[in-house]
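# Examining the three-dimensional arrangement
Chain by chain, the residues:
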Amino acid sequence: MPKTRILVINPVGHPRWDESDARIYRSYASPDTEVVVRSLPRGPETVETLEAYLEAEREVIKLGLELYKDFDAIIVNCFLDPGVRELRKRIGRQTIVVGPAEASLSIARFYGKPAVITVGAVRESIDLVRERIKSLGFDVEVRGIPISVMDIEKDKDKTLRYLAEESLKARFAGADLIVLGCTGLAGMANELSKRIDMPVVDPTWASIKIAETLVLMKR
């Protein structure tokens with residue numbers, strides 16, 4: 001069976017997270033999957049506002065259309081899924097296009113009632129996550145932690161404490177599991193699950209598994 005090639009597009013205008021994201025995606029990928037991570041030639045620093053989202057969406061579409069022929073699947077590495085719908089429309093079935101929000105929530109529904117915990121230092125980012133979830137046809141509670149994307153890695157234990165606090169509030173409100181609503185939180189699902197004794201879906205894990213499955217179905 002041929003090797004599966006997956007392109008992960010970081011929808012930001014810098015390569016700061018490319019290496020760490022590649023490690024995380026590869027840790028979740030099957031042995032016969034090749035993962036390539038590329039950031040945008042130009043774009044926002046993070047995607048936490050509508051303005052940044054629109055810029056990222058435009059540049060993701062450009063890069064995706066430029067590179068898709070060399071890959072079996074594309075993952076847009078942002079929970080807001082910028083450019084995913086348009087890339088699917090323009091590429092067709094030749095290359096699978098996956099968004100982390102859609103992948104995560106599609107898997108989560110099999111576990112029970114999910115709640116999404118995302119970064120919330122910029123209030124607009126929570127509203128954007130809610131809008132994306134609603135556009136996918138899901139009715140899911142969304143909670144934010146008082147940390148921006150750029151600050152996630154500064155103190156991981158602090159980030160995990162905030163995630164645990166909001167996750168437990170969500171469980172009290174009836175959630176059966178947690179979906180991490182930001183790909184910047186990738187790699188924290190296992191530790192968070194231990195702290196709160198609940199299943200936690202990592203959007204990078206969900207994306208790579210959905211992408212691999214859809215590629216296999218196409219062959």
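Preceding this section is the structure that the text describes.
About the cut-offs
Residues numbered from 1 in each chain as written. Predicted model: local features only at pLDDT ≥ 70, side-chain atom pairs only at ≥ 80, totals over all residues. Heavy atoms only, no water. Helix = DSSP H or I, 4+ residues; strand = E, 2+ residues; numbered from the N terminus. Rg over C-alpha atoms; globule rule 2.2 N^0.38 Å. Buried < 20%, exposed > 50% of the residue type's maximum accessible area, 1.4 Å probe, protein only. Contact = heavy atoms within 4.5 Å. Areas by Shrake-Rupley, 256 points an atom, 1.4 Å probe, with all protein chains shown as cover. Lys, Arg positive; Asp, Glu negative; His and termini not counted. Charge placed at Lys NZ, Arg CZ, Asp CG, Glu CD. Pairing = 2+ DSSP bridges. Axes fitted to C-alpha atoms, helices over the stretch in contact; angles between N-to-C directions. Right-handed = clockwise from strand over helix to strand, strands pointing away.

With that settled, consider the overall build of the protein. Helix and strand content of the protein: eight helices and eight strands. The C-alpha radius of gyration of the protein comes to 16 Å, within 12% of the 17 Å expected for a compact globule of 219 residues. Its C-alpha atoms give the protein principal-axis dimensions of roughly 45 × 35 × 30 Å. Sorting the 219 residues of the protein into buried and exposed places 54% on the buried side. Taking all contacts inside the protein whose residues are at least 6 apart in sequence as the whole, residues at least 24 apart take part in 71%. With an accessible surface of roughly 10400 Å², the protein has 49% of that area assigned to carbon and sulfur atoms. On the protein, the mean spot of the 33 positive side-chain charges and the mean spot of the 33 negative ones are 3 Å from each other.

Once that is clear, we can look at the side chain of Ser125. In this structure, Ser125 sits in helix H5 (residues 123-135). Excluding residues within four positions of it along the chain, Ser125 makes contact with Glu48, Val119 and Gly120.

Once that is clear, we can look at the sheet that holds strand S4 (residues 96-98). Across the sheet, which stays open at both edges, the four strands sit in the order S2-S1-S3-S4 with parallel pairing between neighbours. What marks the edges here is a single partner per strand, and that holds for strand S2 (33-39) and S4. Strand-to-strand, the axes of this sheet are offset by a mean angle of 20°, without reference to chain direction. Across three bridges, strand S3 (residues 73-76) lies against S4 in parallel orientation.

Notably, Asp81 is not glycine yet its phi reads approximately 55°, a positive angle. What makes Asp81 buried here is its relative accessible area of 3%. For Asp197, which is not glycine, the phi torsion reads 55° and is therefore positive.

Attention now goes to the pairing of strand S1 (residues 4-10). With six of seven residues buried, S1 lies mostly within the body of the structure. One ladder, built from seven bridges, connects S1 with S2; its direction is parallel. From the neighbouring strand, Asn10 faces S2, where its bridge partner is Ser39. Handedness of the crossover joining S1 and S2 through helix H1 (residues 18-28): right-handed. Across four bridges, the pairing between S1 and S3 is parallel. By the bridge assignment, Ile9 is partnered in S3 with Val76.

Within the fold, Cys78 resides in the loop between S3 and helix H3 (84-91). Taking relative accessible area as the criterion, Cys78 reaches 8% and is therefore assigned buried. It is 12 Å that separates the C-alpha atoms of Cys78 and Ala52, two residues lying 26 residues apart in sequence. Residues in contact with Cys78, not counting those within four places in the same chain, are Pro11, Val47, Pro100 and Thr183.

Let's shift gears to the sheet that holds strand S8 (residues 200-201). In spatial order, the strands read S6-S5-S7-S8; together these four strands make up an open sheet with parallel pairing. If you trace the sheet from one side to the other, it starts and ends with strand S6 (141-145) and S8, each paired once. Pairing of strand S7 (residues 177-180) with S8 involves two bridges; the strand directions are parallel. By the bridge assignment, Val179 is partnered in S8 with Val201. On top of the sheet, helix H4 (residues 100-108) reaches strand S5 (114-119), S7 and S8; it is set at about 170° to S7, its chief contact.

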